[in-house]
Amino acid sequence: MKELNPTLKKLVQQLNDGAFHSGTSLGEALGISRNAVWKQLTQLAQQGIGIESIKNRGHRLVNPLILLDKHKITDQLSKPITSMIETFDIFASLSSTNDYIKSLPRPNLDHLRICVAEHQSNGKGRHGRTWFSPFGTNIYLSCGWHVACDLSELGGLGLVVMIAVADAITKITGTEGFKIKWPNDLLFNDNKVCGCLVEIQAESYYDAWVTMGIGIDVNMKHNGFPIDTPWASLFDITQKYFDRNVLIAGVLNHLSEYLKLFKEKGFSAFLDKWQNYDYLLSKTIEIACADKKWTGKMLGVDKTGQLILQDVNDTISLHSSGDTTHVIK
Ligand code: BTN
């Protein structure tokens, strides 16, 4: 677990304009030696951040980089979520933001714990997969929520998280066309942009500690990365770099509002929104869950967020978990 290094933060701020800066001028601005500047630059390069260094010109960032900044995020949060947050932690590197949140004590009822990291060394995807989490480019955000709910009422929660992300991203990027592939993938033109991992500990009656982990590909460029699903970052989609602090605040503002509504009214309050985002609707799909598979036409979701499948014999089945694929005939 590493905190953000303040010197590194200042260095990135100096380099943010994309221009070349000499080692001497950087050292002066940061109050450190040229050698120390070099060490910090090496640290950045080791994290995969592109740095161009040219003799007699200095150093520059190959791509814009705005680091995560707790105050920049919290300044943009709405009043309702600000009053719900009990802790807000930000790290340079963590094993997994979800694991970190789960290791913390539960906050008071209806309160949240938030954590974001620049990098995850063991980012977790659904079904034991790995979530590729390079430094400084994407969003790794986890939100822990202590809620008085029975486990059976939390079925549609993952879909609600994805709707909150989709609404926030649509608004901030000014781009329409994001779709949600049941249960937890946000897609743009068939490519995955965001995934969500919801982990629930509900030990006693009407008391749950929910960790909602959100990974969004933001400024990442295609560079031979080990990702087996077709993916696109927000940069790919818009040809723009995004300040992740703005996106995180936007996602959290939507999420807190939707969590309240979900608690009061359940998933049925989100059915209209879901219909706009449903990627699989009316498609022939396959659902895989453990060692079982079902094929049929996706008819939508019910008021608890379960997927409705119609097989070739017109038999209807409801599904609350699994991996879905669009079967192209
Ligand atoms: C998936 O699509 O398989 C889910 C991906 C979830 C990734 C996020 S990144 C933040 C949080 N921490 C993790 O270890 N995983 C989730």
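Structure first, text after, so check above.
The text that follows walks through the structure, step by step, so that each part is easy to find. (Residues numbered from 1 in each chain as written. Predicted model: local features only at pLDDT ≥ 70, side-chain atom pairs only at ≥ 80, totals over all residues. Heavy atoms only, no water.)

1. Quick notes on the overall build of the protein chain
Here is step 1 of the chain: Helices and strands together make up the secondary structure of the protein chain, namely 10 helices and 14 strands.
Here is step 2 of the chain: The principal-axis extents of the C-alpha atoms in the protein chain amount to approximately 75 × 50 × 35 Å.
Here is step 3 of the chain: Taking all 329 residues of the protein chain together, the buried fraction comes to 50%.
Here is step 4 of the chain: Accessible area for the protein chain stands at about 15600 Å²; split by element, carbon and sulfur atoms hold 49% of it.
Here is step 5 of the chain: One finds the centroid of the 34 positive side-chain charges in the protein chain at a distance of 6 Å from the centroid of its 34 negative side-chain charges. (Helix = DSSP H or I, 4+ residues; strand = E, 2+ residues; numbered from the N terminus. Buried < 20%, exposed > 50% of the residue type's maximum accessible area, 1.4 Å probe, protein only. Areas by Shrake-Rupley, 256 points an atom, 1.4 Å probe, with all protein chains shown as cover. Lys, Arg positive; Asp, Glu negative; His and termini not counted. Charge placed at Lys NZ, Arg CZ, Asp CG, Glu CD.)

2. Here we look at the site of the ligand
Here is step 1 of the chain: What surrounds the ligand is a group of 20 residues, the closest being Ser96, Gln120, Lys124, Arg126 and Lys192.
Here is step 2 of the chain: Lys124 places a main-chain nitrogen or oxygen 2.7 Å from a nitrogen atom of the ligand.
Here is step 3 of the chain: In the environment of the ligand, an oxygen atom lies 2.6 Å from a nitrogen or oxygen atom belonging to the side chain of Lys192.
Here is step 4 of the chain: Coverage of the ligand by the protein amounts to 99% of the 420 Å² it exposes when considered alone.
Here is step 5 of the chain: When residues of the shell around the ligand are traced back to their parent elements, those giving at least two are α6 (97-103), β5 (139-147), β8 (191-204) and β9 (207-216).
Here is step 6 of the chain: The biggest single contributor to the shell around the ligand is β8, with four residues.
Here is step 7 of the chain: Its residues placed into classes, the shell around the ligand shows six nonpolar, 10 polar and four charged. (Near = heavy atom within 4 Å. Polar contact = N/O pair within 3.5 Å; in protein donor to acceptor, adjacent residues only side chain to side chain. Nonpolar A, V, L, I, M, F, W, Y, C, P; charged D, E, K, R; others polar.)

3. Quick notes on the side chain of Asn184
Here is step 1 of the chain: Positionally, Asn184 belongs in the loop between β6 (178-181) and β7 (185-188).
Here is step 2 of the chain: By relative accessible area, Asn184 is classed as buried at 9%.
Here is step 3 of the chain: Among the polar contacts made by the side chain of Asn184, one reaches the main-chain carbonyl oxygen of Gly158 at a distance of 3.3 Å.
Here is step 4 of the chain: Those residues within four positions of Asn184 in sequence are excluded, and the remaining contacts are Arg126, Gly158, Leu159, Met162, Cys194, Gly195 and Cys196. (Contact = heavy atoms within 4.5 Å.)

4. Looking at the packing of aromatic side chains
Here is step 1 of the chain: All told, the structure shown has five aromatic pairs when counted by the stated rule.
Here is step 2 of the chain: Their ring planes at 65 degrees and their centres at 5.6 Å tell us that Tyr258 and Phe270 sit as a pair that is edge-to-face. Here Phe270 lies in the loop between α9 (244-265) and α10 (271-277) and Tyr258 lies in helix α9, a separation of 12 residues in the sequence.
Here is step 3 of the chain: In this structure Tyr258 comes out as buried when scored by relative accessible area, which is 7%.
Here is step 4 of the chain: Among the aromatic residues, ring-to-ring pairing joins Tyr258, Phe267 and Phe270 into one connected group.
Here is step 5 of the chain: Above the plane of the ring of Tyr279 lies Lys283, whose end atom (NZ or CZ) is 3.7 Å from the centre. (Phe/Tyr/Trp six-rings, centres within 6.5 Å; stacked < 30°, edge-to-face > 60°. Lys NZ or Arg CZ within 6 Å of the ring centre and 35° of its normal.)

5. Description of the nonpolar core
Here is step 1 of the chain: Counting residues in each nonpolar core, the largest one holds 72 residues, and the members touching the most others are Trp145, Ile216, Leu234 and Phe267.
Here is step 2 of the chain: Looking at this core element by element, the count peaks at 11 residues for helix α7 (residues 157-173).
Here is step 3 of the chain: Excluding anything up to four places from it in sequence, Ile216 contacts Asn138, Ile139, Val165, Ile169, Val193, Cys194, Leu234 and Val251.
Here is step 4 of the chain: Grouped together as the second largest cluster of nonpolar side chains are 14 residues, Leu15, Leu41, Leu44 and Ile49 included. (Core = buried A, V, L, I, M, F, W, Y, C linked by side-chain atoms within 4.5 Å.)

6. Some points on the pattern of salt bridges
Here is step 1 of the chain: Scanning the entire structure with this criterion turns up 15 salt bridges.
Here is step 2 of the chain: With a shortest N-O distance of 2.7 Å, Asp99 and Lys124 are connected by a salt bridge. Residue Asp99 is found in helix α6, and its partner Lys124 is found in the loop between β4 (112-117) and β5; the two are separated by 25 residues along the sequence.
Here is step 3 of the chain: With its nearest N and O atoms 3.3 Å apart, the salt bridge here joins Lys124 to Glu199. Of the two residues, Lys124 sits in the loop between β4 and β5 while Glu199 sits in strand β8, which places them 75 residues apart along the sequence. (Salt bridge = Lys/Arg side-chain N within 4 Å of Asp/Glu carboxyl O.)

7. Here's the deal with unusual backbone geometry
Here is step 1 of the chain: Looking along the chain, the bond that leaves Trp182 and enters Pro183 is cis, with omega of 0 degrees.
Here is step 2 of the chain: Even without being glycine, Asp314 reaches a positive phi, approximately 65 degrees.
Here is step 3 of the chain: Secondary-structure assignment places Asp314 in the loop between β12 (307-310) and β13 (316-319).
Here is step 4 of the chain: The class for Asp314 is exposed, based on a relative accessible area of 53%.

8. Quick look at helix α2 (residues 23-30)
Here is step 1 of the chain: When α2 is considered as a whole, its buried residues turn out to be Gly23, Leu26, Gly27 and Leu30. Taken end-on, α2 shows its buried residues confined to a sector of 100 degrees, consistent with a single buried face.
Here is step 2 of the chain: Those residues of α2 that are buried are in contact with α1 (6-15), α3 (34-46) and β2 (58-61).
Here is step 3 of the chain: Just downstream of α2, Gly31 is the residue with a positive phi angle, here 70 degrees. (Arc of directions from axis to C-beta.)

9. Details of the environment of Gln47
Here is step 1 of the chain: Tracing the backbone through its elements, the reader meets Gln47 in the loop between α3 and β1 (51-54).
Here is step 2 of the chain: Taking C-alpha positions, Gln47 is 17 Å from Arg244, a pair spaced 197 residues apart along the chain.

These results come straight from atomic positions and should not be treated as a statement about function.
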